[in-house]
Every structure is written in C-alpha cells, then in structure tokens.
Amino acid sequence: MKYGEILKKLRTEKGLSQKELTDRLTINRSTYARYETSSTQPDFETLSKLADFYDVSVDYLLGRTDNKNALHKQAGISDDDYNNLSAYQKEVIDFFLTRENLFFKNQPENLLDALEQFEVYYEVWKKQQENKK
C-alpha cells in the first residue's frame, strides 16, 4: 500500500475530513491532499507530526511495515521520552531501530543513553551515502 493510501485510511478511521485534520495539525490542506494521492511527499517533520497524531511509526506511514506500533515503543522508549526528543534525534533513533543488520558490541541498556554516539555514527553514515552518489 502506498503512503497516500495509508494516510487516507488512517484519517478516515478517525472520522476526520482533510480540513479537520489539517486544521488540527496546522498543515496546508491542498498540500496534505497531495500527500493522500501520493503526488508529493511530506518532509520528515510532517511525517513525524502525522505519526505522532496517529500513534504509528513513520515506517508504517511509508508502507515499510504492517506493524502500526511506533518503533520507539518496541525498543522500550516511553512516549514522553520520545516526544521530548528533537525531530533530528527522532530521525537518528528511528534510523537505528530500522537497521536489522546493526549490532552493538556493548549494547546500551537504553538507546537514549547512547544517543550522542548514535548521532556521530549517523552523520558518518549519511556522508558515506552522499559520497556513493
């Protein structure tokens, strides 16, 4: 299922019109309508806002998983702790939680304890990806 279909399904399950949803989330209605038709993609901040509103993972919104549960909940990070992170910190945590082939030599008890180290690794990884292009 495409992300636009998923967004529309979640919105209709809540019984909201596009206008009601966009008013609540302060998103431009015509832009949001293009999200639902998959003709444009939301930026990370908007994806995070939608995932928080629907209480689902960004991966679920993007159609990468059928599991609606937010990744941070699967990793034992509370909603309060996750919601107190910046959008960038959420991006870093989500990056690590979606990597099936990533293993830690000394796995931290709590992912939040290792966030600074993760951010350094994430920046190196992003630069490597840019250099591959």
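Each value, and the rule that gives it
Residues numbered from 1 in each chain as written. Predicted model: local features only at pLDDT ≥ 70, side-chain atom pairs only at ≥ 80, totals over all residues. Heavy atoms only, no water. Helix = DSSP H or I, 4+ residues; strand = E, 2+ residues; numbered from the N terminus. Buried < 20%, exposed > 50% of the residue type's maximum accessible area, 1.4 Å probe, protein only. Polar contact = N/O pair within 3.5 Å; in protein donor to acceptor, adjacent residues only side chain to side chain. Contact = heavy atoms within 4.5 Å. Salt bridge = Lys/Arg side-chain N within 4 Å of Asp/Glu carboxyl O.

- Per an unreviewed UniProt entry, the chain goes by Helix-turn-helix transcriptional regulator and derives from Lysinibacillus capsici.

## Here's the deal with the environment of Asp43
- Position of Asp43 among the secondary structure elements: in the loop between helix H3 (29-36) and helix H4 (44-54).
- Exposure remark for Asp43: the relative accessible area of 44% places this residue in the partly exposed category.
- Polar side-chain contacts of Asp43 include one of 2.7 Å to the backbone nitrogen of Thr46.

## Here's the deal with the environment of Tyr35
- Relative to the assigned elements, Tyr35 resides in helix H3.
- We classify Tyr35 as buried; its relative accessible area is 6%.
- The spatial distance from the C-alpha of Tyr35 to the C-alpha of Leu7 is 7.7 Å, given a sequence separation of 28 residues.
- Those residues in contact with Tyr35 that lie beyond four places of it in its chain are Tyr3, Gly4, Leu7, Ile27, Thr40, Gln41, Pro42 and Thr46.

## Quick word on the pattern of salt bridges
- If you walk through the whole model with that rule in mind, you get 5 salt bridges.
- Asp23 is the partner of Lys19 in a salt bridge, and the nearest nitrogen-oxygen pair spans 2.9 Å. One end of the pair, Lys19, and the other, Asp23, are both in helix H2 (residues 18-25), 4 residues apart, so they sit about a helical turn from each other.

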